[in-house]
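Fold and geometry: a report
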Amino acid sequence: AWAADMPDGSTHLVLLNKDARQTLQISIPSAHEARLWRLQAPGLTAISGVTLAGAEIRPGKTWRPLHVEHLASKDRQVQIEMEPGSGAALFFHGSL
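Quick look at the structure, then.

**A few points about the packing of aromatic side chains**
Pairs of aromatic rings are described using the distance from one ring centre to the other and the angle between the two planes. The final tally for this structure, using the stated rule, is two aromatic pairs. Ring centres of Trp37 and Phe91 lie 4.8 Å apart, and the angle between their planes is 65°; on these two criteria the pair is classed as edge-to-face. Residue Trp37 is located in strand β4 (residues 34-40), and its partner Phe91 is located in strand β9 (residues 86-92); the two are separated by 54 residues in the primary sequence. Its relative accessible area of 18% is what places Trp37 among the buried residues. Ring pairing ties together the aromatic residues Trp37, Trp63 and Phe91, which thus form one cluster.

Set out below in structure tokens:
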């Protein structure tokens with residue numbers, strides 16, 4: 001996991017599930033809601049069919065997110081389920 005506090009007071013967080021078989025249930029302590037972009041691919045070593053926020057990433061092509069999830073904070077926790085071999089970029093509306 002990597003996190004960065006941004007100048008505007010928000011926090012960006014990147015999570016990777018490098019396990020090819022196990023789904024992860026992650027709880028992030030935060031009172032703030034978050035936007036989520038999922039990184040998905042057919043396999044851990046895939047070089048094609050890789051998507052971020054539902055949009056395929058291809059060399060020389062413009063990328064724009066197609067599917068942004070909105071995660072609410074419940075009891076000061078944000079919950080995310082990560083499929084095997086996937087990643088996530090979370091954008092919190094405040095600091096963690």
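Don't stop here, the text continues.
**Overview of the nonpolar core**
A general trend in soluble globular proteins is that nonpolar side chains are found buried together. Leu15, Ile28, Ile80, Leu90 and Phe92 are the most contacted members of the largest nonpolar core, which has 13 residues in total. Looking at this core, the elements that each hand over two or more residues are β2 (11-17), β3 (24-29), β4, β8 (77-82) and β9. Ile28 has contacts with Leu13, Leu15, Arg76, Gln77, Val78, Ile80, Leu90, Phe92 and Leu96, leaving out every residue within four places of it along the chain. Core analysis: the next-biggest nonpolar cluster, separate from the first, contains five residues, Trp37, Leu52, Ala53 and Ala89 among them.

**Quick word on the side chain of Thr51**
Counting through the fold element by element, Thr51 comes out in strand β5 (residues 51-52). Given the relative accessible area of 18%, Thr51 is considered buried. What Thr51 contacts, discounting residues up to four positions off in sequence, is Arg38, Leu39, Gln40, Glu56 and Ile57.

**Notes on unusual backbone geometry**
For Asp75, which is not glycine, the phi torsion reads 55° and is therefore positive. By the secondary structure assignment, Asp75 is in the loop between β7 (69-71) and β8. Taking the relative accessible area as the measure of exposure, Asp75 reaches 76% and is therefore exposed. Its identity is not glycine, yet Arg76 carries a phi of approximately 65°, on the positive side.

Calculation criteria
Residues numbered from 1 in each chain as written. Predicted model: local features only at pLDDT ≥ 70, side-chain atom pairs only at ≥ 80, totals over all residues. Heavy atoms only, no water. Phe/Tyr/Trp six-rings, centres within 6.5 Å; stacked < 30°, edge-to-face > 60°. Helix = DSSP H or I, 4+ residues; strand = E, 2+ residues; numbered from the N terminus. Buried < 20%, exposed > 50% of the residue type's maximum accessible area, 1.4 Å probe, protein only. Core = buried A, V, L, I, M, F, W, Y, C linked by side-chain atoms within 4.5 Å. Contact = heavy atoms within 4.5 Å.

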